[in-house]
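Residue-level structural notes
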Amino acid sequence: MPDLGERGHVMGPQPIAAIVQPPAEMLAAAEQLLNALMRGDHASVEAMTPAHVRDEMMAVAKAIPPNKYDKFELIGRARVAKHYFLKAQLTGRNAEPFKFQFRLGATDGKWTVREALNLTGRRSAWSR
Amino acid sequence: MEKCIPVDRLARPDNWVVLRSRQVREIREEQGLEGGRPMPFDEETLRSRLHGIYTGELQAMEAAGRTLFDFPDAPWEFQLDMARQVWDEARHSEIFQRLVEYMGGHPGDYVETEILWRCTQAMDPAARVAGINRGLEGLACDVFDQLIRIAQRNGDEVIERSVDYVLADEITHVRMGSKWMRKLTEGDPERLAKAQAFQDMVDEVFNFRGGRLAQEDIENDDGQVVSIAKEARMLAGFTEEEIQRLINSARKSAAY
């Protein structure tokens, strides 16, 4: 049987540049935020959120019942220059999965939330 | 026919993030970077630009497929051309996906914007091909012509040859658009004018704030501004008058 296109078998130019890894500090900040959200620790969430984003971040925080979720997964990560968009899904034994998207950016080495949107029941930040 | 399908109805893996172009510009500005004019010789910028073209090719494939679906009463040869274009754009998507990987990136590493898809929302097949095949594919001629020069300056034959291969197809897509825009509007000058107006609107979107200019209007060609590829456009069948009209419109946008 001829090889009809298994990508791993395709010959061609190999990567010439190193794969860009996301900053470990950004991932740590995301983990800190997600754990705070799952615990219902709104004070820690607020501490990571500048005033102009607080309303939208707290709308997401309030939609997450405390201690109902015990796992999170980062299902998407895309960037605009040095800001990272993350899509996260929270899961718990007796809860419907909760999906939301947020953007993290660093100022003076501190990663904070720049925008947040509940994606539960919708396809993207674009439309319902 | 359902009008104005939102961009997030397009099939994408769940890890992709789709945003408005305006929002991407604002986020860049928030980081102290000027709108859409990064330094093209920088490795990171090139990777991000290749990713942008990759998603553009995906949307071009979807746009041509949608045109095929939306106008079942159009001439059979028109449908054949659109089907051919879907095939071409699918290959282009794969080529640019491989170029993103060549530069150390992955599909979905950067956000996808809606701007190209937005330019496909016309209800008349003549306007549709004017906007997509003449407006967007004409833009592709400009962008690819410049990318080839950037690759030449970087001494990167892989990108240079890959993009040249794709550019040859884009030229045939523009020709296809010109042929069908004229054929579908034969004897109907009002319809032709509407199709051309739709194309002008698409061209205007990409001339925004002087983001595209004639080569002679660019003082230092550091690759930040997209230049209008006269030679490729002539090969694609644009008339000198049409190219001059685009140049004049680009000058007006830059002044604005």
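Above this text is the structure in question.
Residues numbered from 1 in each chain as written. Chains lettered and ligands numbered in written order. Predicted model: local features only at pLDDT ≥ 70, side-chain atom pairs only at ≥ 80, totals over all residues. Heavy atoms only, no water.

**Some points on the interface of chain B and chain A**
Convention followed: Any pair of residues with heavy atoms lying within 4.5 Å of one another is described as a contacting pair. Put simply, buried area is how much 1.4 Å-probe accessible surface two parts lose in total, over both of them, once they are put together. For this document, the term salt bridge refers to a Lys or Arg side-chain nitrogen within 4 Å of an Asp or Glu carboxyl oxygen. Polar contact criterion, stated in full: a pair of N or O atoms within 3.5 Å, where within protein one must be able to donate a hydrogen and the other to accept it, and residues adjacent in sequence count only if both atoms are side-chain atoms. Each residue gets one of three labels, nonpolar for Ala, Val, Leu, Ile, Met, Phe, Trp, Tyr, Cys and Pro, charged for Asp, Glu, Lys and Arg, and polar for the others, Gly among them.
With 39 residues of chain B at the interface, the matching set in chain A holds 32 residues. Interface area for chain B against chain A, summed over the two sides, is near 3000 Å², with a carbon-plus-sulfur share of 51%. Area buried by chain B at its contact with chain A is led by Asp-8, Arg-98 and Tyr-102 of chain B, which between them contribute 20% of it. For the pair chain B and chain A, the number of links is 4 salt bridges. Between Arg-114 of chain A and Glu-30 of chain B there is a salt bridge, with its nearest N and O atoms 3.3 Å apart. Where chain B meets chain A, there are 13 residue pairs in polar contact (both at pLDDT 80 or more). Its residues assigned to classes, the side of chain B that touches chain A comprises 16 nonpolar, 7 polar and 16 charged.

**Concerning the pattern of salt bridges**
All names here are of chain B. Rule in force here: To qualify as a helix, a DSSP run of H or I must reach at least 4 residues; to qualify as a strand, a run of E must reach at least 2; elements of each kind are numbered from the N terminus. Each residue is placed in one exposure class: buried if its accessible area under a 1.4 Å probe, protein chains only, is under 20% of its type's maximum, exposed if it is over 50%, and partly exposed if it falls in between.
Counted by the stated rule, this structure contains 25 salt bridges over all chains. Salt-bridge contacts for Arg-84 lead to Asp-88; the nearest nitrogen and oxygen are separated by 3.1 Å. Residue Arg-84 and its partner Asp-88 are both found in helix α3 (residues 76-102); the two are separated by 4 residues, about one turn of the helix. Taking the relative accessible area as the measure of exposure, Arg-84 reaches 41% and is therefore partly exposed. In this structure, Arg-149 engages Asp-145 in a salt bridge whose closest nitrogen and oxygen atoms are separated by 3.6 Å. In this pair, Arg-149 and Asp-145 both sit in helix α5 (residues 125-154), 4 residues apart, roughly one turn of the helix. Given a relative accessible area of 27%, Arg-149 falls into the partly exposed group.

**Quick word on the packing of helix α2 (residues 43-70) of chain B against α5 of chain B**
All names here are of chain B. Counted only if it meets this: The convention used is that axes are lines fitted to C-alpha atoms, helices contributing only their stretch in contact, and that angles between N-to-C directions extend from 0 to 180 degrees. Oblique is the label for any angle not covered by the other classes, which are roughly parallel (under 35 degrees), roughly antiparallel (over 145) and roughly perpendicular (65 to 115). The hand of a helix crossing depends on one turn: near helix anticlockwise from the far one by less than a right angle means left-handed, and clockwise means right-handed.
Two elements in contact, α2 and α5, have axes separated by 12 Å at closest approach and are oriented at 155 degrees. One way to sum up the angle between α2 and α5 is to call them roughly antiparallel. Here the hand of the crossing between α2 and α5 comes out left-handed. For the pair α2 and α5, contact is made by Leu-46, Arg-49, Leu-50, Ile-53, Glu-57, Ala-60, Ala-63, Arg-66, Thr-67 and Asp-70 and by Arg-128, Ile-132, Glu-137, Val-143, Phe-144, Gln-146, Leu-147, Ile-150 and Asn-154, respectively. The residue inventory of the contact of α2 with α5, partitioned by class, reads 10 nonpolar, 3 polar and 6 charged.

**Quick word on the side chain of Thr-49 of chain A**
Residues and elements named next belong to chain A. Locating Thr-49 in the fold gives a position in the loop between α2 (42-47) and α3 (54-62). Separated by 2.7 Å, the side chain of Thr-49 and the backbone oxygen of Val-45 make a polar contact. Ignoring anything within four residues of it in the chain, the contact list for Thr-49 reads Arg-54, Met-57 and Val-113.

**Comments concerning empty space enclosed by the protein**
Any space left empty among the atoms is revealed by the rolling of a water-sized probe across them. Residues and elements named next belong to chain B. Cut-off, in case you're wondering: Buried and open spaces are told apart on a 1 Å grid over the protein atoms alone, a cavity being a set of points where a 1.4 Å probe fits but cannot get out and a pocket being an open set with protein on both sides within 12 Å along at least five of seven lines. Residues with an atom within 4 Å of a point are the lining residues. Grid points are joined across faces, edges and corners, and a volume is the space filled by probe spheres set on the points.
All chains considered together, the criterion is met by 2 cavities of 30 Å³ or more. Considered as a void within the structure, the second largest cavity measures approximately 30 Å³ in volume. If you go around the second largest cavity, the residues you meet are Ala-63, Arg-66, Trp-117, Thr-120, Gln-121 and Arg-128. Looking at the lining of the second largest cavity residue by residue, the class counts come to 2 nonpolar, 2 polar and 2 charged.

**Brief notes about the layout of surface pockets**
When its volume is computed, the second largest pocket comes out at roughly 250 Å³. Pro-13 of chain A together with Glu-94, Ile-95, Arg-98 and Ser-162 of chain B are the residues nearest the centre of the second largest pocket, which is lined by 13 residues in total. Elements with a minimum of two residues in the lining of the second largest pocket: α3 and α6 (157-184) of chain B. In terms of residue count, α3 of chain B provides more of the lining of the second largest pocket than any other element does, 6 residues in total. Split into classes, the residues belonging to the lining of the second largest pocket amount to 8 nonpolar, 2 polar and 3 charged.

**Some thoughts on unusual backbone geometry**
What you tend to see is this: most non-glycine residues have negative phi, and most peptide bonds are trans. Residue and element names in this part refer to chain A. For Asn-67, which is not a glycine, the phi torsion comes out positive at approximately 60 degrees. Note on placement: Asn-67 falls in the loop between α3 and β1 (71-80). We classify Asn-67 as exposed; its relative accessible area is 63%. The backbone of Ala-81 shows a phi angle near 55 degrees, a positive value even though the residue is not glycine. Here Ala-81 shows up in the loop between β1 and β2 (83-92).

These values are about where atoms sit, not about what they do.
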